Amino acid sequence: MRNLYGETIENLKQQLIDAGFKAYHARQIFEWLYKHQVQNIEQMANIGKTLRQYLKTHYTMTALPVFTRQCGQDGTCKYLFKLHDEHLIETVLMRHDYGKSLCITTQVGCNIGCAFCASGLQKRIRNLTPAEMVLQVMGVIAHEAVTLTHIVIMGTGEPFDNFDNVMDFIDIVNAPYGLEIGARHITVSTSGIVPKILAFAERPKQVNLAISLHAPNNTIRSRLMKINDVWPIETLLDSVKTYIEKTGRRVTFEYILMRGVNDSLQHADALSDLLRGMNAYVNLIRYNAIDEFSFKSTPHDRAKAFHDRLLKRGIQATLRREMGADIDAACGQLRAKTDPNVKDRPSRKD
Ligand code: SAH
Ligand code: SF4
């Protein structure tokens, strides 16, 4: 059986037509799922009995069980959901002054294996389905009774290594009659899979693109991210320029500051030279230390000096406030690690 939460409105329309029903029911079903957030098909009151019966025999609405929920001092909450095949995946809710954003996981494990990232310690076991991504959103909404304003596709996994499912996920959460999360409020982050960046450029939606750059030259980047040997910085930036030309949209470059690795003022200068003239901005993030790796975070004052240098050289940049570090929910700390002390604590509303 298919899960209703995994269907785009277009797919659902087609499936209904194929089964002899009218296409407009797809819109009604979306409203029940995402506006009224009903628990079962029986509650879809304005849908006739025959269609309800058809839906019940062909679709489920099975949610993802919450395995644990942990909240940190800054209000960041990390959810561990259990998949039907027992794998655990993480989803992180962040509360900002401008709204609430949810960080979505796209794969169990990640094959890119960046040298600094906890998520990449586990090789990809499988891709998540669109339903498993949408159910992360619905699970957190139901549990917290919150309205989400932003979605960041930056949890475990490389979204462009699961391209079609991630695109369906975006279509579902963005759809009219559904959650209607604005495309401009959705960000997808990639380690730099060039053919998929070019494919993404062809899509009409105004979704934000973030590129994990993390280094000002190929020597350092190849050390940190072996994907750089496949698509080195020049090739990557060419694809990003194509994306900017085609979409007219600004791109974000993520740059993790690691002590003694990529955080000197010379590195800042090299980075400015690389990005000069591009419609782009740099998101600086101080590295979150991971037990298994020896990389260290750049001290605050050095990070600030790096930031200032970029600004002085005419590059737009922000030094991001880190959220959720106390509960291992910060970038790169996601790896479905369970803390034995919280495992048996029932999840609860605040
Ligand atoms: N796979 C995608 C998206 C998930 S990772 C990507 O790599 O872009 C989300 C972001 O967290 C990436 O920019 C990644 O490089 C960064 N990240 C990984 N490990 C980190 C760590 N230990 N500290 C800070 N950021 C980290
Ligand atoms: Fe995978 Fe992104 Fe982590 Fe690299 S940084 S291992 S691409 S999740």
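Residues numbered from 1 in each chain as written. Chains lettered and ligands numbered in written order. Predicted model: local features only at pLDDT ≥ 70, side-chain atom pairs only at ≥ 80, totals over all residues. Heavy atoms only, no water.

1. Focus on the domain arrangement of the chain
Argument step 1. The domain architecture assigned to the chain consists of domain 1 (2-60) and domain 2 (66-343).
Argument step 2. Put simply, the middle of domain 1 and the middle of domain 2, counted by C-alpha atoms, are 33 Å apart.
Argument step 3. With 14 residues of domain 1 at the interface, the matching set in domain 2 holds 15 residues.
Argument step 4. By the criterion of area lost to domain 2, the three top residues of domain 1 are Tyr5, Tyr34 and Lys35, representing 39% of everything that side buries.
Argument step 5. Put simply, domain 1 and domain 2 have one salt bridge between them.
Argument step 6. For Glu180, the salt bridge is made with Lys35, and the minimal N-O distance between the two is 2.6 Å.
Argument step 7. In this assembly, domain 1 and domain 2 are joined by two residue pairs in polar contact (both at pLDDT 80 or more).
Argument step 8. Listed by contribution, the elements that provide at least two residues to the side of domain 1 that touches domain 2 are α1 (9-18) and α2 (25-35).
Argument step 9. No other element matches the six residues that α2 contributes to the side of domain 1 that touches domain 2. (Domains from an automatic or database assignment. Contact = heavy atoms within 4.5 Å. Buried area = accessible area lost by both parts, 1.4 Å probe. Salt bridge = Lys/Arg side-chain N within 4 Å of Asp/Glu carboxyl O. Polar contact = N/O pair within 3.5 Å; in protein donor to acceptor, adjacent residues only side chain to side chain. Helix = DSSP H or I, 4+ residues; strand = E, 2+ residues; numbered from the N terminus.)

2. Describing unusual backbone geometry
Argument step 1. Positive phi outside glycine occurs at Gln37, with the angle close to 50 degrees.
Argument step 2. Locating Gln37 in the fold gives a position in the loop between α2 and α3 (49-58).
Argument step 3. You can call Gln37 partly exposed: its relative accessible area is 30%.
Argument step 4. The backbone of His214 sits at a positive phi, close to 65 degrees, despite the residue not being glycine.
Argument step 5. Looking at the secondary structure, you find His214 in the loop between β11 (208-212) and α7 (218-224). (Buried < 20%, exposed > 50% of the residue type's maximum accessible area, 1.4 Å probe, protein only.)

3. Concerning helix α6 (residues 194-201)
Argument step 1. For α6, the set of buried residues is Val194, Ile197, Phe200 and Ala201. The buried residues of α6 occupy an angular sector of 115 degrees when projected down its axis, which confines them to one face.
Argument step 2. The elements touched by buried residues of α6 are α5 (163-174), β10 (186-190), β11 and α8 (233-247). (Arc of directions from axis to C-beta.)

4. Describing the state of the cysteines
Argument step 1. The final tally for this structure, using the stated rule, is one disulfide.
Argument step 2. Residue pairing for Cys71: its cysteine sulfur links by disulfide to Cys77, the two sulfurs lying 2.1 Å apart. Where Cys71 bonds to Cys77 through sulfur, the torsion about that S-S bond is close to 105 degrees, and the disulfide is right-handed.
Argument step 3. Overall, Cys77 belongs to the buried group, its relative accessible area being 1%. (Disulfide = S-S within 2.5 Å.)

5. Focus on the site of ligand 2
Argument step 1. What surrounds ligand 2 is the set Cys110, Ile112, Gly113, Cys114, Cys117, Ser119, Gly120, Gly157 and Ser191.
Argument step 2. Tallied by class, residues from the shell around ligand 2 come to four nonpolar, five polar and no charged. (Near = heavy atom within 4 Å. Nonpolar A, V, L, I, M, F, W, Y, C, P; charged D, E, K, R; others polar.)

6. What about the environment of Thr147?
Argument step 1. Within the fold, Thr147 resides in the loop between α4 (130-144) and β9 (150-153).
Argument step 2. Spatially, the C-alpha atom of Thr147 lies 23 Å from that of Ile41, the residues being 106 residues apart in sequence.

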